[in-house]
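# Commentary on secondary and tertiary structure
Listed below are the residues making up each chain.
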Amino acid sequence: MSISIGIHDLSFATGEFVLPHTALADYNGTEIGKYHVGIGQQSMSIPAADEDIVTLAATAAAPIIARHGSDRIRTVVFATESSIDQAKSAGVYVHSLLGLPSATRVVELKQACYGATAALQFAIGLVRRDPAQQVLVIASDVSKYELDSPGEATQGAAAVAMLVSLDPALVRIEDPSGLFTADVMDFWRPNYLNTALVDGHESINAYLQAVEGTWKDYTEQGGRALEEFAAFCYHQPFTKMAYKAHTHLLNYNGQDTDKDAIAQAIGLTTAYNRVMGNSYTASVYLALASLLDQADDLTGKPIGFLSYGSGSVAEFFAGTVVAGYRDRLRTEANQEAIARRRPVDYAGYRDLHERSFPTDGGDYATEEQTTGPFRLSGISGHKRIYQAR
Ligand code: CAA
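Cut-offs and rules
Residues numbered from 1 in each chain as written. Predicted model: local features only at pLDDT ≥ 70, side-chain atom pairs only at ≥ 80, totals over all residues. Heavy atoms only, no water. Near = heavy atom within 4 Å. Polar contact = N/O pair within 3.5 Å; in protein donor to acceptor, adjacent residues only side chain to side chain. Areas by Shrake-Rupley, 256 points an atom, 1.4 Å probe, with all protein chains shown as cover. 1 Å grid on protein atoms, 1.4 Å probe; cavity = no way out; pocket = protein on both sides within 12 Å on 5 of 7 lines; lining within 4 Å. Sits in = over half its atoms within 2 Å of the grid points. Helix = DSSP H or I, 4+ residues; strand = E, 2+ residues; numbered from the N terminus. Axes fitted to C-alpha atoms, helices over the stretch in contact; angles between N-to-C directions. Parallel < 35°, antiparallel > 145°, perpendicular 65-115°, else oblique. Left-handed = near helix turned anticlockwise from the far one by under 90°. Contact = heavy atoms within 4.5 Å. Points joined across faces, edges and corners; volume = space filled by probe spheres on them. Nonpolar A, V, L, I, M, F, W, Y, C, P; charged D, E, K, R; others polar. Pairing = 2+ DSSP bridges.

## Overview of the site of the ligand
Close to the ligand lie 25 residues; K34, H201, S203, H235 and K244 are nearest. For the ligand, an oxygen atom lies 3.1 Å from a polar atom in the side chain of H201. For the ligand, whose free accessible area comes to 1000 Å², the fraction covered by protein is 73%. Counting atoms within 2 Å of the grid points, the majority share of the ligand lands in the second largest pocket. Elements represented by at least two residues in the shell around the ligand include exactly α2 (32-39), α6 (200-220) and α7 (240-252).

Below, the structure written as structure tokens:
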């Protein structure tokens, strides 16, 4: 019998501020139905001036360390699209903020929104090699598009931290995976830009091609039949995309695309992404959190995961929900992380969007805005300075 490895704990964090789509629509004259129904987004998380992927990641991971300690963690894998340094892993700052042992390997992974799934799979490999070890996987992103571009309405920010371990308390990750890579330019960000470039409609097609490609490979590798899955967690750049993806998967399999059946399969996975916006690497695992927090008992049920990262790499895999998982959920804390955000008006959001540090190596302090446990207090000599409260 194969050993059971998977997600032992999951915790997330999001930005200090929230911009409702009504404020964006009032500013740019868009009919609100396009946001609420057309793309399925209600609001977006906006990081404070003293927040970034590191502070979000540390905030997400701290409760996991508090609950399990760090004695068994020998690897931290940090997945992000919105990296803050070309050389140093953002995970090293998190390692320091959380006081993790020096006998740890820390690395950053990149492949657009797919990176955290690679991190999860690599973590499973490490635990399989030495089942006594645990791996801390972190997905943290701030999604930023140009102001007044079509992508602007799909921005967001969040971090998910997951502890990967033997005999997981939440979800056992199964073999096989269905894999798909295609060299496409649907969404990318050259080193000299801090907002993503995107061919919006092409990116939707590229995602749907990846749904087909991963499913085909998953089936050829001997995966489960479509009917076996209780729910599907899709990468959600905007929540309507999950509906498009699942409809496409059903069509590809020659199955009915009955609206109620689709809502049953993915409806509960969209609640968190709908109000936080695109969090790139974190999005598919926020879909999982949303599902586990809201669904009736899922014990023993298989969940399908579709992770898509533009460019593109995608993976379809299955996880089985473990008995007793409900006692380990962080539903209250998750809802609190969303509810605690402070509303920002359009002008305030635009000001935050346009901020960046000068690049002259001088000393620059950030405004104290976040109420979270970690903050980016400034930059000095090209070094980012973080503070734990
Ligand atoms: N009421 C209800 N629905 C409305 C409406 C209204 N008043 N007005 C428009 N709509 C609907 C449209 O019919 C459309 O629905 P369908 O897609 O089902 O036809 C939807 O709202 C969006 O309208 P448009 O296509 O006209 O919107 P747009 O041209 O402004 O662009 C977008 C939408 C392409 C998603 C754009 O927001 C974008 O570029 N986003 C960033 C890229 C992205 O998220 N791509 C997703 C796949 S890539 C990926 O997943 C990786 C990643 O994270 C980036």
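## A few points about the environment of S2
You can see S2 is positioned in the segment before β1 (5-14). With 172 residues separating them along the chain, S2 and E174 place their C-alpha atoms 9.6 Å apart.

## Examining the packing of α6 against α7
The geometry of α6 relative to α7 is characterised by a closest axis approach of 10 Å and an angle of 45° between their N-to-C directions. In terms of axis orientation, α6 runs oblique to α7. For the element pair α6 and α7, the recorded crossing hand is right-handed. In contact with I204, Y207, L208, V211, E212, W215 and K216 of α6, α7 contributes M241, K244, A245, H248, L249 and Y252.

## Considerations on empty space enclosed by the protein
Here the idea is plain: a probe the size of a water molecule rolls over the atoms and shows the empty space left. Using the criterion set out here, one finds 1 cavity of 30 Å³ or more in the structure. Roughly 60 Å³ of volume is contained in the largest cavity. Every residue along the wall of the largest cavity is listed here: L10, L170, A289, L292, D293, R328, L329, R330 and N334. Of the residues that constitute the lining of the largest cavity, the class distribution is 5 nonpolar, 1 polar and 3 charged.

## Comments concerning the sheet that holds strand β12 (residues 302-309)
On the basis of which strands lie adjacent, the open sheet formed by 9 strands has the order β5-β4-β6-β7-β1-β8-β13-β12-β11 and mixed pairing. The open sheet has two edge strands, β5 (105-109) and β11 (231-234), and neither has a second partner. Neighbouring strand axes in the sheet, compared pairwise and without regard to direction, differ in orientation by 25° on average. Note that strand β6 (residues 134-143) and strand β7 (residues 156-166) share 9 bridges and pair antiparallel. When the bridges of β7 are listed, V142 appears paired with A157.

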